[in-house]
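For reference, the chains in residue letters:
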Amino acid sequence: MNILILGSGGREHSLAWAVMQNPKCDKLIVAPGNAGMEEIAECAEIDINDGGVVVSFAEENAVDFVIVGPEAPLAEGVADRLREAGISVFGPSEAAARLEASKSFTKEICDAAQAPTAAYGHFTDLASARAYVEDQGAPIVIKADGLAAGKGVIVAMDLQTALDALDDMFGGAFGGAGAEVVIEEFMEGEEASFFVLCDGEEALPIGTAQDHKRVGEGDTGLNTGGMGAYSPAPVLTDEIARRTMDEIVHPTLKEMAKRGTPYQGVLYVGLMIKDGAPRLVEYNVRFGDPECQVLMMRLGAQALDLMQAAAEGRLAEASVNWGDDHAMTVVMAAEGYPGGYEKGSVIKGLDNCPEDSMNMVFHAGTTRKDGKTVATGGRVLNVTARGASLQEARDRVYAIVEQIDWPEGFCRRDIGWRAL
Ligand code: AMP
Ligand code: GLY
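Residues numbered from 1 in each chain as written. Chains lettered and ligands numbered in written order. Predicted model: local features only at pLDDT ≥ 70, side-chain atom pairs only at ≥ 80, totals over all residues. Heavy atoms only, no water.

## Quick word on the site of ligand 1
This is how the line gets drawn: Here a residue is considered near a molecule or strand provided that any single heavy atom belonging to it is located within 4 Å of it. Here a polar contact is taken to be a pair of N or O atoms separated by no more than 3.5 Å, where protein atoms must pair a possible hydrogen donor with a possible acceptor and residues adjacent in sequence count only if both atoms sit in side chains. The Shrake-Rupley method, run with a 1.4 Å probe sphere, supplies the accessible areas, and residue values consider only the shown protein chains as cover. The classification used treats Ala, Val, Leu, Ile, Met, Phe, Trp, Tyr, Cys and Pro as nonpolar, Asp, Glu, Lys and Arg as charged, and all other residues, Gly among them, as polar.
Near ligand 1 you find 15 residues, and of these Glu-184, Glu-185, Met-187, Glu-191 and Glu-282 are the closest. Taking Lys-143, its side chain carries an N or O atom lying 3.0 Å from an oxygen atom of ligand 1. In the environment of ligand 1, an oxygen atom lies 2.8 Å from a nitrogen or oxygen atom belonging to the side chain of Glu-282. Surface burial for ligand 1 is 87%, taken as the share of its 470 Å² of free accessible area covered by protein chains. When the residues that make up the shell around ligand 1 are grouped by side-chain class, the tally is eight nonpolar, no polar and seven charged.

Quick look at the structure:
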């Protein structure tokens, strides 16, 4: 089989790494890819948000199966164009991708599905949004309705912060994404992510994870795309997983199918857990980054079979072969991230790092220049390892971090603290 993966981050490197191990994979192409993926696949520089371009490229290269990594191509309907052209693809339609692309749409689906989530109001003008916030009081959560690259959510602990956030959003701080605002009840509890493959009807859980969104140790400082993750998440017990499937995932899939927009792909279910009960924080229509890296480290080659089963409507007959293992990934980022950072610093020591079924350094933002590996992004490397316990996985990860010679980079030293 010829396989095409769309994306260029650590998430896509881990997908490529897992897919490559499956004997079904004859040829792997990644677009656009990065320096890490170049070592295991062919990289192609194409516009992955343009459905026409992706279809032509897939046809020219006799691609049998496409895996879409990030949300942007999904929101642009790239999966629809591929399906129309008769090419098998893992990822939801543009209509189903609204579960991530529009917060108010997700709330509407939760209402119809009676899925537990925060109480909310949906506003298109500043005056009524301000009045609602003043009436509800703080803490309160203000969300730009559309995709805002993870920056459209303000958790306001006091009223003034909430009102300022509304002024910013209606003032155009998030462009079109902020022209509509969802205002939510502040939920307390512990957050965890649950990953479920869906084929339009059936759903198959493939793992749990916890991410660390703040840049600083002890979960302090600015929000980031994620500084590290581990799987499984102990807080997401079997009982909570079962309730999440019964109360949130299945009712959502039923509602999406009823509307004529069945959901196919991976559903990233962001949960707030309190007193043994899960409530939905958000859906994403793709794997998390860096959560995908720990899931792929644990699933290995079977990830391809499972994604294919989802794409072909065969999940009812699929099952996950679980090891009783743990995985952790630590993000190495460029000094300054998530604020301004320099690009172009050289990373050394990667050749000495182990690369096997227990240890991998996934690349997130790198390129090859004059034979050297150069940092090109904020989040640059994802040092990932597996072990019989989380502690063992963690020891392996930080031993690899020590091997990497990159003075311009940093990482959090406390990934996994909640679970250890
Ligand atoms: P989202 O993009 O919707 O996941 O929001 C980003 C982050 O904001 C989440 O991971 C939570 O930490 C926080 N958050 C979002 N909604 C709520 C809520 N209703 N109550 C408490 N925290 C929230
Ligand atoms: N790590 C959070 C996300 O991928 O949305």
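## So, helix α12 (residues 302-311)
Because an α-helix completes one turn every 3.6 residues, residues spaced three or four positions apart along the sequence face the same direction. Applied cut-off: Think of it in three bands: with a 1.4 Å probe and only protein chains considered, a residue is buried below 20% of the maximum accessible area for its type, exposed above 50%, and partly exposed in between. For the purposes of this entry, the term helix denotes a DSSP run of H or I that reaches at least four residues, the term strand denotes a run of E that reaches at least two, and both are numbered from the N terminus.
Burial of α12 is extensive: eight of the ten residues sit out of reach of the surface. Looking at α12, one finds that the buried residues are Gln-302, Ala-303, Leu-304, Leu-306, Met-307, Gln-308, Ala-309 and Ala-310. Gly-313 sits one or two residues past α12 and shows a positive phi near 70 degrees.

## Description of a nonpolar patch on the surface
The test is simple: Exposure above 30% relative accessible area and no salt bridge define the residues that can form patches, which grow by joining like charges within 9 Å and nonpolar side chains of Val, Leu, Ile, Met, Phe, Trp and Tyr within 5 Å. Between Lys or Arg on one side and Asp or Glu on the other, a salt bridge is scored when a side-chain nitrogen of the former is within 4 Å of a carboxyl oxygen of the latter.
A contiguous nonpolar surface patch, about 250 Å² in accessible area, is contributed by Val-153, Val-155 and Met-157. Here Val-155 shows up in strand β8 (residues 153-156). Classification of Val-155 as partly exposed rests on a relative accessible area of 45%.

## Some details on the packing of aromatic side chains
Spelled out, the test is: Two aromatic rings, drawn from Phe, Tyr or Trp (for Trp, its six-membered ring), form a pair once their centres lie within 6.5 Å of each other, and the interplanar angle then sorts them: stacked below 30 degrees, edge-to-face above 60, tilted otherwise.
With the rule as written, the count across this model stands at six aromatic pairs. When the centroid spacing of 5.6 Å and the interplanar angle of 75 degrees are considered together, the rings of Trp-17 and Phe-362 count as edge-to-face. Taken as a pair, Trp-17 in helix α1 (residues 10-20) and Phe-362 in strand β19 (residues 359-363) lie far apart in primary sequence, 345 residues in all. As far as the burial class goes, Trp-17 and Phe-362 line up, both buried. Pairwise contacts between aromatic rings join Phe-90, Phe-195, Tyr-268 and Phe-287 into one cluster.

## A short note on the site of ligand 2
All residues adjacent to ligand 2 are Asp-211, Gly-225, Tyr-268, Asn-284, Arg-286, Gly-288, Asp-289, Pro-290 and Glu-291. Asp-211 has a polar side-chain atom sitting 2.8 Å from a nitrogen atom of ligand 2. Within the contact set of ligand 2, a nitrogen atom lies 3.0 Å away from a backbone nitrogen or oxygen of Gly-225. About the coverage of ligand 2: the protein hides 88% of its 200 Å² of free accessible area. Each residue belonging to the shell around ligand 2 can be placed in one class, and the counts come to two nonpolar, three polar and four charged.

## A look at the nonpolar core
Put simply, the rule reads: Joining through side-chain atoms within 4.5 Å is the link that ties buried Ala, Val, Leu, Ile, Met, Phe, Trp, Tyr and Cys residues into a set, and such a set is a nonpolar core. Note on contacts: a residue pair is in contact if any heavy atoms of the two residues lie within 4.5 Å.
Formed by 50 residues in total, the largest nonpolar core has its most connected members in Leu-4, Leu-6, Val-66, Leu-82, Leu-99, Leu-236 and Val-269. Top element by residues in this core is helix α10 (residues 238-258). It accounts for seven residues. Apart from the residues within four sequence positions on either side, Val-66 is in contact with Leu-4, Leu-6, Leu-82, Ile-87, Ser-88, Val-89 and Phe-90. By size, the runner-up hydrophobic cluster in this structure holds 42 residues, among which are Met-37, Leu-197, Val-266 and Leu-304.

## A few points about the environment of Ala-393
In this structure, Ala-393 sits in helix α13 (residues 390-403). Between the C-alpha atom of Ala-393 and that of Asp-325, which follows or precedes it by 68 residues, the distance is 9.0 Å. Setting aside chain neighbours within four positions, we find Ala-393 in contact with His-326, Ala-327, Met-328, Ala-385, Arg-386 and Gly-387.

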